[in-house]
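Here are the chains, one letter per residue:
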Amino acid sequence: MAELSFEIALARLEKIVHRLEAGDATLEESIDLYTDGQRLKKHCEDKLAGATARIEAIVVGADGQAAGLKPFDAG
């Protein structure tokens with residue numbers, strides 16, 4: 001799972017959601033799909049959190065010039 005890119009994991013998760021919504025899976029298949037979906041959801045959330053942590057914003061000094069970088073603050 002760790003080697004999956006965000007895009008591939010999201011595509012797999014979307015396929016699982018569509019399959020579950022279609023209602024054509026057996027109960028056991030649905031449980032397995034749901035379990036896989038939960039793992040993929042967590043993986044995507046972790047990838048997004050990691051990406052957010054790497055985003056940096058340019059700090060502008062009093063003179064209006066770029067003065068450096070600061071960590072991204074989503075809040």
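Before reading on, note that the structure itself is shown above.
Here the residue index of a chain counts from 1 through its sequence in written order. Only residues with pLDDT of at least 70 get local features here, since the model is predicted, and only at 80 or more are side-chain atom pairs given and counted; chain-wide, interface and lining totals rely on the full set of residues. Side-chain measures here rest on the full set of heavy atoms in the structure, leaving out hydrogens and waters.

(A) View of the nonpolar core. If you look at the biggest cluster of nonpolar residues, it comprises 8 residues: Leu-4, Ala-9, Leu-13, Ile-16, Ala-25, Leu-33, Leu-40 and Cys-44. Elements with a contribution of two residues or more to this core: α1 (6-22) and α2 (27-54). Throughout, a contact is declared for two residues whenever any of their heavy atoms are within 4.5 Å. Those residues within four positions of Leu-13 in sequence are excluded, and the remaining contacts are Gly-37, Leu-40 and Lys-41. Nonpolar core, defined: a set of buried Ala, Val, Leu, Ile, Met, Phe, Trp, Tyr and Cys residues in which side-chain atoms within 4.5 Å join the residues together. Exposure is judged per residue with a 1.4 Å probe applied to protein chains only, and the accessible area is read against the type maximum: over 50% gives exposed, under 20% gives buried, and values in between give partly exposed. For helices the rule is a DSSP run of H or I covering at least 4 residues; for strands it is a run of E covering at least 2, with both sets numbered from the N terminus onward.

(B) Molecular detail of the side chain of His-43. For His-43, the position within the fold is in helix α2. On the basis of relative accessible area, His-43 is assigned to the buried category, the value being 8%. Every residue in contact with His-43, bar those within four places of it in the chain, is listed here: Met-1, Ala-2, Leu-4, Ser-5 and Ala-9.

(C) View of α1. What a helix should span is 1.5 Å times the count of its residues minus one. Between its terminal C-alpha atoms α1 stretches 24 Å, which fits the 24 Å expected from 17 residues at 1.5 Å a residue. For α1, the full list of buried residues reads Ala-9, Leu-13 and Ile-16. Looking down the long axis of α1, one finds its buried residues gathered within 60° of arc, a one-sided arrangement. In α1, the exposed positions angled more than 90 degrees off the buried face are occupied by Glu-7, Lys-15, His-18, Glu-21 and Ala-22. Following α1 by one or two positions, Gly-23 has its phi on the positive side, about 75°. What the arc measures is the spread of directions leading from the helix axis to the C-beta atoms.

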